[in-house]
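Structural characterization, general
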There are 2 protein chains.
Amino acid sequence: MATGRTHRPATRSRGIPEATVARLPLYLRALTALSERSVPTVSSEELAAAAGVNSAKLRKDFSYLGSYGTRGVGYDVEYLVYQISRELGLTQDWPVVIVGIGNLGAALANYGGFASRGFRVAALIDADPAMAGKPVAGMPVQHTDDLEKIIDDNGVSIGVIATPAGAAQQVCDRLVAAGVTSILNFAPTVLSVPDGVDVRKVDLSIELQILAFHEQRKAGEESAEAAAVLPPAARAAGEDRKGPDGDVPAVMPA
Amino acid sequence: MATGRTHRPATRSRGIPEATVARLPLYLRALTALSERSVPTVSSEELAAAAGVNSAKLRKDFSYLGSYGTRGVGYDVEYLVYQISRELGLTQDWPVVIVGIGNLGAALANYGGFASRGFRVAALIDADPAMAGKPVAGMPVQHTDDLEKIIDDNGVSIGVIATPAGAAQQVCDRLVAAGVTSILNFAPTVLSVPDGVDVRKVDLSIELQILAFHEQRKAGEESAEAAAVLPPAARAAGEDRKGPDGDVPAVMPA
DNA sequence: CCATCTTTGTGCACGCGTTCACAAAGACAT
DNA sequence: ATGTCTTTGTGAACGCGTGCACAAAGATGG
């Protein structure tokens, strides 16, 4: 408002819209790239383009954090990187546990994106006794029996669930009981948690189904009249009769 | 201006709101579970609880599809499974390619959720010549050189990108040029695509950062005055000097 | 056939998020 | 110092999504 260096702006953290919070990591990534190229300042227009959003939206998003820009110039890259990092809580190190070290869990353990952005994999946990002690991503897998102790010893408040769907709720309950208050769920299940616990889900199957919906719509529009153009699946897979709307519930199981 | 921007895909899709489309897979999953238990009908209230949404929202969502319920009774499970499957385009088989067979790509290839819900992994593609021919999930990895031919031969219209960030845009361009019109992107980059191509992104790092934000807010509220309570990371990790608000942008690289 | 009861389908109001458009703020040149 | 030019920050309008609350529809029992 007045000074450009307001440390504690009137903007309560509660006042930051959820949609804005979800975009902050996007901005941070773009800013970090600029920082590495030693770009000193950036305009809202440029940064918005890099982050793939509207410039007006970006400016409004930043306005919730405070007045960190300079009119006529733009934003100081380093300063903004720091402010967003602080706002997101990345200036501290968050220990996380990954439960369920199957293919996906192992992939997550190896994912570099964790360690590099303020997160640290504190432990890998699996229910299979055969996995215990086996090293994954340079770290021994621990057994589910020790889950509570691991959470407590490491002060973990963020848990990642990569178990099969059937085990997810049970694991979730134990994590919450042990003190975890934020969960990233990769299992295809709806988790129920008490108030005060945040759950975010990543569901590959759902994302694909959404894409399929749009894909079908595109195919349907294109070949609405020009029925000559077969849908992609049928293009090469021989012929798969598919009327504009089927009549027989030939549905496959889950 | 030089950077091509990724405009939002057309929000209007056949009258069905995007938010509703995103929930249909959720309903489908819950319905499939009921179907396996041979439950004949279900009320909006029950189904909503199973899917973790509001019952009014569910009814409104279904109303966009048509009047498939019976007042006083509820919805016929089998019929609804079929209707939603058809709406989502799952009554046909979608061949997908996965590009980038690292840890994540391999995990995706092994993920059962693909094959079981109308999707079929048509090919695994990687740029590393050493990977070529090596079997992953019972399928030989093919080299990037053959990407265009693979897409064309299999009539693929959905591509999954699991490459490092640096390669993602290039892979994306080739996929699009080869005819792919829907992309599921796991690489931490903003992809720019021409109109008519849908991109959905799954970003582990972003999800974690959003959780961290809320986690910090929770911790901040609890220990607003009681500074004695250290943030979780410091609770066990010895001492990690971190003032409540630093002044030096000691930001770590991407 | 009528009354009652259950559950759907939806009109409506409200709140959030997005976008536009512009005044205010500051840099920079003269 | 003053004017011009660039870019931010934001008031306001708009549109979408959500949830309430209820009438309509149909099942069920007498």
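Residues numbered from 1 in each chain as written. Chains lettered and ligands numbered in written order. Predicted model: local features only at pLDDT ≥ 70, side-chain atom pairs only at ≥ 80, totals over all residues. Heavy atoms only, no water.

1. Details of the protein's contact with DNA strand D
S44 and Y75 of chain A together with K57, K60 and R71 of chain B are the nearest of the 25 residues found near DNA strand D. Expressed as a percentage, the sugar and phosphate content of the atoms of DNA strand D within 4 Å of the protein is 63%. Contact between DNA strand D and Y75 of chain A: a phosphate oxygen at 2.7 Å from a side-chain N or O atom of the residue. Between a phosphate oxygen of DNA strand D and a side-chain N or O atom of R23 of chain B, the distance comes to 2.8 Å. The dominant element in the surface near DNA strand D, judged by the number of residues it contributes, is helix α3 (residues 55-65) of chain B, at four residues. Considering only residue class, the surface near DNA strand D consists of seven nonpolar, nine polar and nine charged. (Near = heavy atom within 4 Å. Polar contact = N/O pair within 3.5 Å; in protein donor to acceptor, adjacent residues only side chain to side chain. Helix = DSSP H or I, 4+ residues; strand = E, 2+ residues; numbered from the N terminus. Nonpolar A, V, L, I, M, F, W, Y, C, P; charged D, E, K, R; others polar.)

2. Here's the deal with the packing of aromatic side chains
Under the criterion given, the structure shown has six aromatic pairs over all chains. Note on F62 of chain A and Y75 of chain A: the rings are 5.1 Å apart at their centroids and 85° apart in plane angle, and the pair reads as edge-to-face. You can see F62 of chain A sitting in helix α3 (residues 55-65) and its partner Y75 of chain A sitting in strand β3 (residues 74-76), a full 13 residues away along the chain. What makes Y75 of chain A buried here is its relative accessible area of 11%. Judged by centre distance (5.2 Å) and plane angle (80°), the rings of Y27 of chain B and F62 of chain B are edge-to-face. With a gap of 35 residues between them, Y27 of chain B in helix α1 (residues 18-36) and F62 of chain B in helix α3 connect regions that are remote in the sequence. For Y27 of chain B, a relative accessible area of 0% puts it in the buried group. Ring pairing ties together the aromatic residues Y27, F62 and Y75 of chain A, which thus form one cluster. (Phe/Tyr/Trp six-rings, centres within 6.5 Å; stacked < 30°, edge-to-face > 60°. Buried < 20%, exposed > 50% of the residue type's maximum accessible area, 1.4 Å probe, protein only.)

3. Side note on the protein's contact with DNA strand C
The environment of DNA strand C is formed by 25 residues, the closest being R23 and R71 of chain A together with S44, R71 and Y75 of chain B. What you see for DNA strand C is that sugar and phosphate hold 62% of its atoms within 4 Å of the protein. Between DNA strand C and the protein, one listed contact pairs a phosphate oxygen with a side-chain N or O atom of Y75 of chain B at 2.7 Å. For the surface near DNA strand C, the secondary structure elements donating two or more residues are α1 (18-36) and α3 of chain A together with α3, β2 (69-70) and β3 (74-76) of chain B. Per element, the largest residue contribution to the surface near DNA strand C is four residues, and it comes from α3 of chain A.

4. Topic: the environment of Y75 of chain A
Y75 of chain A sits 28 residues away from L47 of chain A along the chain, and the two C-alpha atoms are 9.2 Å apart. When neighbours within four sequence positions are excluded, Y75 of chain A is seen to be in contact with P40, T41, V42, S44, L58, R59, F62, Y68, G69 and L80 of chain A. (Contact = heavy atoms within 4.5 Å.)

5. Things to note about the sheet that holds β3 of chain A
Residue and element names in this part refer to chain A. If you trace the three strands from one edge of the open sheet to the other, you get β1-β3-β2, paired in antiparallel fashion. Strand pairing shows two members of the sheet lacking a second neighbour, β1 (41-42) and β2 (69-70), which therefore form its edges. Pairing geometry for β2 and β3, over two bridges, is antiparallel. The residue of β3 that forms the bridge with G69 is Y75. (Pairing = 2+ DSSP bridges.)

6. Some points on the sheet that holds strand β5 (residues 119-126) of chain B
Residues and elements named next belong to chain B. One open sheet holds the seven strands; their spatial order is β6-β7-β5-β4-β8-β9-β10, and the pairing between them is mixed. Across the chains shown, the open sheet's two edge strands, defined by having one partner strand only, are β6 (135-136) and β10 (198-201). Bridge count for β6 against strand β7 (residues 139-143) is two bridges, and the pairing is antiparallel. What sits directly across from V136, in β7, is M139.

7. Notes on the UniProt feature "binding site: NAD(+)" (unreviewed entry) in chain A
Here, UniProt's "binding site: NAD(+)" (unreviewed entry) annotation points to G100, I101, G102, N103, L104 and G105 of chain A. Its place among the elements puts N103 of chain A in helix α5 (residues 103-110). Exposure remark for N103 of chain A: the relative accessible area of 43% places this residue in the partly exposed category. Apart from residues no more than four positions distant in its own chain, N103 of chain A is found in contact with A107 and N110 of chain B. By secondary structure assignment, the location of G105 of chain A is in helix α5. (UniProt positions renumbered as here; feature names shortened; annotations may be inferred.)

8. Considering the pairing of strand β8 (residues 158-161) of chain A
Residue and element names in this part refer to chain A. Across the two faces of β8 the burial is the same, with I158 and V160 and G159 and I161 all buried. Two elements, β8 and strand β9 (residues 182-185), share four bridges in a ladder whose sense is parallel. By the bridge assignment, I158 is partnered in β9 with S182. Following the backbone out of β8, through helix α8 (residues 165-178) and into the adjacent parallel β9, one traces a crossover that is right-handed. (Right-handed = clockwise from strand over helix to strand, strands pointing away.)

9. Regarding the packing of α1 of chain A against helix α4 (residues 77-88) of chain A
Residues and elements named next belong to chain A. For the pair α1 and α4, the least separation of the axes is 9 Å and the interaxial angle reads 145°. In this structure, α1 crosses over α4, and the sense of that crossing is left-handed. Every residue of α4 that contacts α1 at V21, L24, P25, Y27, L28, L31, T32, L34 and S35 is listed here: V77, E78, L80, V81, I84, S85, E87 and L88. A breakdown of the residues in the contact of α1 with α4 according to their chemical character gives 12 nonpolar, three polar and two charged. (Axes fitted to C-alpha atoms, helices over the stretch in contact; angles between N-to-C directions. Left-handed = near helix turned anticlockwise from the far one by under 90°.)

10. A look at the pairing of strand β7 (residues 139-143) of chain A
Direction of pairing for strand β5 (residues 119-126) of chain A relative to β7 of chain A: parallel, over a ladder of three bridges. Bridging across to β7 of chain A, I125 of chain A finds its partner in Q142 of chain A.

11. Considering helix α2 (residues 44-51) of chain A
Residues and elements named next belong to chain A. Within the span of α2, buried status applies to S44, L47, A48 and A51. End-on view of α2: buried residues confined to an arc of 100°, all on one side of the axis. For α2, the elements touching its buried residues are α1, β1, α3, β3 and α4. With its phi angle positive at about 75°, G52 sits one or two positions after the end of α2. (Arc of directions from axis to C-beta.)

12. Focus on the nonpolar core
In terms of nonpolar packing, the biggest core is built from 109 residues, with I84 of chain A together with I84 of chain B touching the most fellow members. I84 of chain A has contacts with L24, Y27, L28, L31, F62 and L65 of chain A, leaving out every residue within four places of it along the chain. If you look at the next biggest cluster of nonpolar residues, it comprises 22 residues, including I125, L147, V176 and V180 of chain B. (Core = buried A, V, L, I, M, F, W, Y, C linked by side-chain atoms within 4.5 Å.)

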